[in-house]
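# Structural features, examined
Each chain, written out:
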Amino acid sequence: MYIKSFLFLIFSVSLYANAWWEGKVVYQVYLRSFQDSNNDGIGDIPGLISRLDYLQSLGVDALWLSPIHKSPDYDFGYDVKGYFSIHPALGTHQDFQQLTLQANKRGIKIMMDLVINHTSDQHPWFLASKSSKSNPKRNWYIWSDGKGNQPPNNWRSRLDESSWVYDESSNQYYQHSFFKEQPDLNLRNPEVQKEIEKIMHFWLERGVSGFRLDLANYYMKDAGLRDNPATNSWSKWFQSSVYAYMGQEHLYDKNHPDLANFYRKLRTIADNHNALLLGEVDVDDGEQAIYAARSVSNQTKGTGLHLSLHRDFISNKFSAEGLENIITEHEALMPRDIPMVVTFNNHDHQRFSTTHTAAETRLAALFTLTSKGFPVLYYGEEIGLKDAYVPQALGKDPLPRIMWKPAYFAQIGRDGCRTPMHWDNTAYAGFSKVEPWITFDKEGAVSVEEQEQDAKSLLNFYKKLISLRKQHVALAKGKQTLYKTGIKNLLIFKREYKDQTIWVAMNFSPANWISLNTQITPENILASTHPQTTNLTELGPMQAVITTKIPSPTL
Ligand code: BGC
């Protein structure tokens, strides 16, 4: 028994040590908007293949593709209709094979979005499940009788509707955590679990190097379907006046302790293929469960998810103090040497450049690629792409239509951050030769073509930062020490690996200069947000530097 556990430990430690993702950079491709190859206005796999040279020149190590399976596209692929299929608008299995081949040739791995908390309501499994109470697939989803003429319990979907939809023909309700068009799978059912394992094997055998697990902390619900208790947080109670979902402690509809067993199964499969499990952990600020969810993810002795994808950097204020707090909280949560995922952009939130200045965008890039973290970039952030204005009448995402609430409206429209990549300044930005599937900002001032020519561009800054990570192991996987200087707006941290030490100093003040009490010669500067040709003795407003010389700052 002891020998078995010992061998298992050695096996997992050695696997983790060889993990391909350690120190690497992932780039999220929202496929529909990356590159169209067949002029239907929708980005596709062959289009992505044609841009692999660009991605190689950027220096990213892996691509996470938004869902590629057949889907009625109510939620643009996050409503899967066939897990072994490829959406005809996006390509074919042959295209996918080419993609992995061509990407791997360039040293780039391919990761897929695995959406298993729910399927589309058009998925044959759900159609069968819904067809009658006695159908063998009935129990593949979560069905229940109501309480009188009320739903089975008080759970709410993320869209703030009841989590239950009444089905007249069987006089029962089915449960959904997101849109009602996305019924939740019953992942407690061993048959469903088997099917998920099959899906993972299928894609791993086709060259996938990891999965981004959609809504990974929602997989298990309370078997007794108990009501969630009311929140005991004042701030959540206050928010619940416009978003009732916040009025509950989500004890029974997510972050469930039984996740651990299920994660263990997924982890075994992934580890056997040296594949990464990057699980989306969707929790709100101050939610106690954040601790539970993340510890399940990362602290269960090599049996949980490898890394957890969260919104900390997206939801919190971008400032020295804000970042320091996130790092400190992460360090307290993760006693083991697990990097936190650092990401400021994704397909669900306004792009960072939309709501921040160009100087802040550079600081965020520098932080993303130098702090002890696992950077996940979102297509277009490297050129400072901003959200396009998509009028509601032309909107594609159903979310704002369902959840329209003045207080939340600005934050919840997801179309703006999903618009086509700007490759050049031609009519459709080099994305397509026809009108794209989603309206976009034709006047957008940024493009890859332009920025490639300009040595000082944001794109070239990203390239520089990524290549620094590759050249300096301390930046990629070194230990991190945060320095508490007591100086407002200043963030300083040290990265070390064996005898390599690198300092990162960031001044977030828009007005003040901070003295470094030392002279950093240009040779000791690896990179800076501002070009530096003479000795650096102080940091200007919004300036950051990556240096091999120790700064000891004062105001
Ligand atoms: C994805 C969203 C999606 C939702 C439901 C999320 O967390 O990132 O884009 O709509 O899950 O699948």
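Please refer to the structure higher up on the page.
From a predicted model like this one, the values you see are computed outputs, not experimental measurements. (Residues numbered from 1 in each chain as written. Predicted model: local features only at pLDDT ≥ 70, side-chain atom pairs only at ≥ 80, totals over all residues. Heavy atoms only, no water.)

### Some thoughts on the overall build of the protein
Each helix and strand counted, the protein has 18 helices and 18 strands in total. In terms of C-alpha radius of gyration, the protein reaches 24 Å, essentially the compact-globule figure of 24 Å for 555 residues. For the C-alpha atoms alone, the extent of the protein along its principal axes is close to 80 × 60 × 50 Å. Counted over contacts in the protein with a minimum sequence separation of 6, partners at least 24 positions apart contribute 69%. Counting only carbon and sulfur atoms, one obtains 54% of the accessible surface of the protein, whose full area is about 22700 Å². Averaging the locations of the 58 positively and 60 negatively charged side chains of the protein gives two centres separated by 5 Å. (Helix = DSSP H or I, 4+ residues; strand = E, 2+ residues; numbered from the N terminus. Rg over C-alpha atoms; globule rule 2.2 N^0.38 Å. Contact = heavy atoms within 4.5 Å. Areas by Shrake-Rupley, 256 points an atom, 1.4 Å probe, with all protein chains shown as cover. Lys, Arg positive; Asp, Glu negative; His and termini not counted. Charge placed at Lys NZ, Arg CZ, Asp CG, Glu CD.)

### Some thoughts on the nonpolar core
Among the nonpolar cores identified, the biggest contains 127 residues, and Tyr27, Leu63 and Phe96 are the most heavily contacted of them. With sequence-adjacent residues up to four places away left out, Phe96 is seen in contact with Ile45, Leu65, Ile68, Ile86, Ile110, Met112, Trp203, Arg206 and Val208. Residues Leu490, Ile514, Leu539 and Val545 belong to the second largest nonpolar core, which totals 12 residues. (Core = buried A, V, L, I, M, F, W, Y, C linked by side-chain atoms within 4.5 Å. Buried < 20%, exposed > 50% of the residue type's maximum accessible area, 1.4 Å probe, protein only.)

### Some details on the pattern of salt bridges
Counted according to the given criterion, the structure contains 24 salt bridges. The partner of Asp61 in a salt bridge is Lys470, and the shortest N-O contact between them spans 3.4 Å. With Asp61 in the loop between α3 (52-58) and β2 (62-65) and Lys470 in helix α17 (residues 458-471), the pair connects residues that are 409 residues apart, well separated along the chain. For Asp282, the salt bridge identified is with Arg311, shortest N-O distance 2.5 Å. (Salt bridge = Lys/Arg side-chain N within 4 Å of Asp/Glu carboxyl O.)

### Overview of the pairing of strand β14 (residues 500-507)
By the criterion of burial, β14 is predominantly enclosed, with six of the eight residues buried. The pairing of strand β13 (residues 490-497) with β14 spans eight bridges and is classified as antiparallel. When the sheet's bridge partners are listed, Phe493 is paired in β14 with Val504. Turn length for the β13-β14 hairpin, with the two strands adjacent in sequence and antiparallel, is two residues, and the turn residue Lys498 shows positive phi of about 45°. Where β14 lies against strand β18 (residues 544-547), four bridges are found, and the strand directions are antiparallel. When the bridges of β18 are listed, Ala505 appears paired with Val545. (Pairing = 2+ DSSP bridges.)

### Observations regarding the site of the ligand
Taken together, 13 residues lie near the ligand, and Asp75, Asp214, Glu280, His347 and Asp348 sit nearest. The contact in question runs from an oxygen atom of the ligand to an N or O atom on the side chain of Arg212, over 3.0 Å. The separation between an oxygen atom of the ligand and a polar side-chain atom of Arg414 is 3.0 Å. When the ligand sits alone it has 310 Å² of accessible area, and the protein chains cover 98% of it. (Near = heavy atom within 4 Å. Polar contact = N/O pair within 3.5 Å; in protein donor to acceptor, adjacent residues only side chain to side chain.)

### Things to note about the sheet that holds β13
Across the sheet, which stays open at both edges, the five strands sit in the order β12-β13-β14-β18-β16 with antiparallel pairing between neighbours. Single-partner strands in this sheet number two, and they are β12 (479-483) and β16 (525-528). Across this sheet, the average inter-strand angle for adjacent strands is 15°, counted without regard to direction. On top of the sheet, helix α13 (residues 358-370) reaches β13, β14 and β18; it is set at about 155° to β14, its chief contact. (Axes fitted to C-alpha atoms, helices over the stretch in contact; angles between N-to-C directions.)

### A look at helix α11 (residues 320-333)
Every α-helix carries 3.6 residues per turn, so stepping three or four residues along brings you back to the same face. The end-to-end C-alpha distance of α11 is 20 Å, a good match for the 20 Å that 14 residues give at a rise of 1.5 Å each. Along α11, the residues classified as buried are Ala320, Gly322, Leu323, Glu324, Ile326, Ile327, His330 and Leu333. (Expected span 1.5 Å × (residues − 1).)

### Structural notes on helix α6 (residues 190-205)
Here α6 contains 16 residues, and its C-alpha end-to-end distance of 22 Å stays within 8% of the 22 Å for a straight helix at 1.5 Å per residue. Those residues of α6 not exposed but buried are Val192, Gln193, Glu195, Ile196, Ile199, Met200, Phe202, Trp203 and Leu204. Those residues of α6 hidden inside the fold are in contact with α4 (93-105), β3 (109-114), α5 (124-131), β7 (210-213), α8 (259-272) and β8 (276-280). Where α6 begins, the capping side chain belongs to Asn189, and its oxygen is found 2.8 Å from the backbone nitrogen of Glu191.

### A few points about the sheet that holds β2
Taken in spatial order, the eight strands line up as β9-β8-β7-β3-β2-β1-β11-β10 in an open sheet, and their pairing is parallel. Edge positions in the sheet fall to β9 (307-309) and β10 (340-342), since each has one partner strand and no second. Strand-to-strand, the axes of this sheet are offset by a mean angle of 25°, without reference to chain direction. Across three bridges, the pairing between strand β1 (residues 26-29) and strand β11 (residues 373-378) is parallel. Paired with Tyr27 across the bridge in β11 is Leu377.

### Topic: the environment of Val29
As for its placement among the helices and strands, Val29 is situated in strand β1. Residue classification places Val29 among the buried residues on the basis of a relative accessible area of 0%. For the pair formed by Val29 and Trp164, sequence separation is 135 residues and the distance between their alpha carbons is 33 Å. Setting aside residues up to four positions removed in sequence, Val29 forms contacts with Phe34, Leu48, Leu63, Trp64, Leu65 and Ser66.

### Quick notes on the packing of α6 against α8
Running from N to C, α6 and α8 cross one another at 25°; their axes reach a closest spacing of 10 Å. One element, α6, and the other, α8, form an angle in the roughly parallel class. Taken as a pair, α6 and α8 cross one another with a handedness that is right-handed. Two secondary-structure elements touch here, α6 through Gln193, Ile196, Glu197, Met200, His201 and Leu204 and α8 through Phe262, Lys265, Leu266 and Ile269. By residue class, the composition of the contact of α6 with α8 is six nonpolar, two polar and two charged. (Parallel < 35°, antiparallel > 145°, perpendicular 65-115°, else oblique. Left-handed = near helix turned anticlockwise from the far one by under 90°. Nonpolar A, V, L, I, M, F, W, Y, C, P; charged D, E, K, R; others polar.)

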